[in-house]
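# Observations on the three-dimensional arrangement
These are the residues of each chain, in order.
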Amino acid sequence: MQQYSETCPCGTATPCAPTWYEALAQEQSDRAMYAWHTPPVLAYLLQHPNESVAREQYLDGQFRILQLYLDQGLAALNRFGQTQRRRNALQGTDFAYDTEALAAYRPLPGWIPDGFTRSVHDLRDADGGFVGDGHESYGARMAELARATVDAYLNGPAA
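Residues numbered from 1 in each chain as written. Predicted model: local features only at pLDDT ≥ 70, side-chain atom pairs only at ≥ 80, totals over all residues. Heavy atoms only, no water.

### Some words on helix H7 (residues 135-154)
Note the cut-off: The helix and strand labels rest on DSSP assignments: H or I over at least four residues marks a helix, E over at least two residues marks a strand, and numbering proceeds from the N terminus. Under the convention used throughout, the expected extent of a helix is 1.5 Å for every residue step, that is, one less than its residue count. Partly exposed describes any residue whose relative accessible area lies between the buried limit of under 20% and the exposed limit of over 50%, with all areas from a 1.4 Å probe on protein chains only and scaled to the type maximum.
Given a rise of 1.5 Å per residue, 20 residues ought to cover 28 Å, and the 28 Å separating the end C-alpha atoms of H7 matches this to within 8%. Among the residues of H7, those classed as buried are Tyr 138, Gly 139, Arg 141, Met 142, Leu 145, Ala 146, Ala 148, Thr 149, Val 150, Ala 152 and Tyr 153.

Written as C-alpha cells, this is what we have:
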C-alpha cells in the first residue's frame, strides 16, 4: 500500500490522493456521479502538478478546459470531451487538445499557487461520503473546487 506524507503539496494539512482515488473508484459504480469525472481530475492535476500523475505538457489545456466547465457548465464540458475523443480518433491521434476551441480561455500562468481555498477533501458530504446528500450537492461542491483552482492561478502573484 502506498504511503502518503502528512501534508499535501497543494497546501492542505492531509494528503489529497487517498480522497481523490476514493472518489474515482466510487464513480465507477455511480453513473450519475461519473458525469463529473473530468472536473475532479482536472482540479486535482492542477492542484498537484508536480505529482507523477500530472503531465506538464497537458496542464495548460487542462486549465483552459476547467475554465470552459465554469463558463459553460457540465453538459458543455462533456460535449467537448466527446468531440475531442472523436476528433483524435479520426486523426489517429492518441491525445491532443483542440486548441482553437480553448483559445478564448486564459493560459496557465508560469507559476504554481502555494495553496487553494478548496481541495478534493471538500468534495465529501457531511457524512464523509460524496453523494449521500444528492448528486446536485456533489456537483455544487465540484463547481466550488473548480472555481477555487482556477481562481488560485488567476488571482495569485504575477508571472
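### Description of helix H4 (residues 56-72)
In this model, H4 (17 residues) spans 25 Å end to end at C-alpha, consistent with the 24 Å of a helix rising 1.5 Å per residue. Note on H4: the residue one or two positions beyond its end, Gly 73, has a positive phi of about 95°.

### Examining the side chain of Thr 19
Rules: Counting of polar contacts relies on pairs of N or O atoms within 3.5 Å, with two restrictions inside protein: one atom must be capable of donating a hydrogen and the other of accepting it, and residues adjacent in sequence are counted only when both atoms are side-chain atoms. The contact criterion used is simple: two residues touch if any of their non-hydrogen atoms lie within 4.5 Å.
Mapped onto the elements of the fold, Thr 19 is located in helix H1 (residues 17-27). The exposure class assigned to Thr 19 is buried, which follows from its relative accessible area of 6%. At 3.3 Å, the side chain of Thr 19 forms a polar contact with the side chain of His 121. Look past the residues within four positions of Thr 19 in its chain and what remains in contact with it is Val 120, His 121, Arg 124 and Phe 130.

### A short note on the confidence of the model for the protein chain
Definition in use: Confidence scores per residue from the predictor, reported as pLDDT, run from 0 to 100.
With 87% of its residues at a pLDDT of at least 70, the protein chain reaches an overall mean of 86. Confidence, expressed as mean pLDDT per element, reaches its minimum in the protein chain at helix H6 (residues 99-102) with 80 and its maximum at H7 with 96. Confidence drops under a pLDDT of 50 for residues 1-5, and excluding neighbours within four residues, the segment shows five contacts in the predicted structure.

### Points about the packing of aromatic side chains
Filter applied, for reference: Put simply, two rings from Phe, Tyr or Trp (the six-membered ring, in Trp's case) pair if the centres are within 6.5 Å, and we call them stacked under 30 degrees between planes, edge-to-face over 60, tilted for the rest.
Using the criterion set out here, one finds seven aromatic pairs in the structure. The rings of Phe 63, Trp 111, Phe 116 and Tyr 153 are connected pair by pair, giving a single aromatic cluster.

### Observations regarding the packing of H1 against helix H3 (residues 38-47)
The geometry of a pair of packed helices is captured by two quantities: the angle between their axes and the separation between those axes. Just so we agree on the cut-off: Angles shown run from 0 to 180 degrees and are taken between the N-to-C directions of axes, each axis being a line fitted to C-alpha atoms and, for helices, limited to the stretch in contact. Each angle gets one of four labels, with under 35 degrees taken as roughly parallel, over 145 as roughly antiparallel, 65 to 115 as roughly perpendicular, and the rest as oblique. Whether a crossing is left-handed or right-handed is set by the direction in which the near helix is turned from the far one by less than a right angle, anticlockwise for left-handed and clockwise for right-handed.
As a packed pair, H1 and H3 sit with axes 11 Å apart at the nearest point and diverge in direction by 160°. The pairing of H1 with H3 is recorded here as roughly antiparallel in orientation. Crossing angle aside, the handedness with which H1 passes H3 is left-handed. On the side of H1, the interface is formed by Ala 17, Trp 20, Leu 24 and Glu 27, while H3 contributes Pro 40, Val 41 and Tyr 44.

### Section: the pattern of salt bridges
Close approach of charged atoms allows side chains of opposite charge to pair. Threshold: Note on definitions: salt bridges are taken to be side-chain nitrogens of Lys or Arg within 4 Å of carboxyl oxygens of Asp or Glu.
Taken as a whole and assessed by the stated rule, the structure comprises five salt bridges. The shortest N-O distance in the salt bridge between Arg 147 and Asp 151 comes to 3.3 Å. With Arg 147 and Asp 151 both in helix H7 and four residues apart, this pair spans about one turn of that helix.

### Things to note about the side chain of Asp 125
Our working definition: In this tally, Lys and Arg are treated as positive and Asp and Glu as negative; His is ignored, and so are the chain termini.
Here Asp 125 lies in the loop between H6 and H7. It turns out Asp 125 is buried and unbridged, and the closest side chain with the opposite charge, Arg 141, is 4.7 Å from it. Here Gly 132 takes part through its backbone nitrogen, which lies 2.7 Å from a polar atom of the side chain of Asp 125. Among residues more than four places away in sequence, those in contact with Asp 125 are Phe 130, Val 131, Gly 132, Asp 133 and Arg 141.

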